[in-house]
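# What the coordinates show
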Amino acid sequence: MTVDRILPTDEAHDLLELATELADRELAPRAADFEARAEFPREVLRTLGRAGLLGLPYPEEYGGAAQPYEVYLQVLEILASRWLAVAEAVSVHTLACYPVAQYGSDELRKRLPDMLGGELLGAYCLSEPQGGSDAASLTTRAVRDGDEYVVSGTKAWITHAHSADFYNVFCRTGGPGAKGISCLLADAGTPGITPQATEKTMGLRSSPVAQIAFDDARVPAERLVGGEGTGFTIAMSALDSGRLGIAACAVGLAQGALDYAVGYARERQQFGRAIVDFQGLGFMLADLATQISAARALTLAAARLRDAGRPYSIEAAKAKLFATDVAMRVTTDAVQVLGGAGYVADHPVERYLREAKVLQIVEGTNQIQRLVISRALAKG
């Protein structure tokens, strides 16, 4: 299905055409094979980087494209409609570039052209085995020793754990609570940083996640992002943007699932006619299309607030909550449209369903989004 988009500039229109061309040529034909082999498509990310799609929302002076977030999210949606794992990788990498771009020293920012160009792939190390939603209680510790920090602890659920070139490591440099947390930019090859066994996940198998162990890893003090004690602020600010990225991924996945289900329903004949003509199924598809349009509108409205420099945290939480719930509903119903055929791997909708579930969990579970929104309502 062609999505009718209103874009701010001709350049944005060209970018979306480029994203569509690359998604059709580089992503769609490879997704099933890479997912079956659980292989991360590192070269695909390099291709997207060289095409300028990994630095879209960042300033040109750092090697970015200086595009509004509204445009970047629509690119993510297009990528996700063909291959969610790649779109999620772009979202995570964009998130991993945020601390340095927004809070880093001039020296650290010199690394941004390689980061935004795709030569260096990033990961975001916030969650821990005993602390996911409660990020302020993290226990990974960094102790200053001369011109270095000595980092010890374990991070969990790290996307790109075995493929990243750099990590944003959120660690405790001070006392308990949010004010004791700092952010360090660590090279993945630093002695003492060891990715653990890849998790056996339900979906997104071509985007492996793993724990990362830090065993007295020494990170130069000049790699401190912001100042000591600013890490929690950096993390939460980055997650506001990251939640919009996940919302856009959810919209794209849902659109891809709907398109496939509609195409199948037009071709599948029962009782002498295409099943799309039966009102029970046709109304189901109509509801799904409406929910996707609503999720897209909510996501882009939050992005426009961000682009205008206005508060958008609550709207980002709403967008992430609604869009990922919609993706779960759409992919579930897409399987139902195909019936028994939807339950086997001959059709991609069973994969879409498995992939949708994780979007309700990453970048803050949907229960956390409801908590954020309800607290805002309580404060008036």
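Residues numbered from 1 in each chain as written. Predicted model: local features only at pLDDT ≥ 70, side-chain atom pairs only at ≥ 80, totals over all residues. Heavy atoms only, no water.

Taking an unreviewed UniProt entry as the reference, the chain is identified by name as Alkylation response protein AidB-like acyl-CoA dehydrogenase belonging to Micromonospora sagamiensis. In UniProt, the chain has this text filed under Sequence similarities (unreviewed entry): "Belongs to the acyl-CoA dehydrogenase family." (UniProt positions renumbered as here; feature names shortened; annotations may be inferred.)

Our focus in this paragraph is the pattern of salt bridges. Throughout the structure, instances matching the rule amount to 22 salt bridges. Glu26 is the partner of Arg25 in a salt bridge, and the nearest nitrogen-oxygen pair spans 3.0 Å. Between Glu70 and Arg304 there is a salt bridge, and its shortest N-O distance comes to 3.2 Å. With Glu70 in helix H4 (residues 69-82) and Arg304 in helix H9 (residues 279-307), this residue pair connects regions lying 234 residues apart in the sequence. A residue is classified by how much of its surface remains accessible, and Glu70, at 11% relative accessible area, is buried. Taking relative accessible area as the criterion, Arg304 reaches 40% and is therefore assigned partly exposed. A cluster of three or more residues bridged by salt bridges with shared partners is formed by Glu21, Arg25, Glu26 and Arg30. (Salt bridge = Lys/Arg side-chain N within 4 Å of Asp/Glu carboxyl O. Helix = DSSP H or I, 4+ residues; strand = E, 2+ residues; numbered from the N terminus. Buried < 20%, exposed > 50% of the residue type's maximum accessible area, 1.4 Å probe, protein only.)

A separate point is helix H5 (residues 84-103). Quick reminder: α-helices carry 3.6 residues per turn. Residues three or four places apart thus point the same way. With 20 residues, H5 should cover 28 Å at 1.5 Å per step; its first-to-last C-alpha distance of 29 Å lies within 8% of that length. Largest kink in H5: about 30°, centred on Cys97, with the proline Pro99 one to four residues after it. (Expected span 1.5 Å × (residues − 1). Bend = angle between axes of the 7 residues up to and from the residue.)

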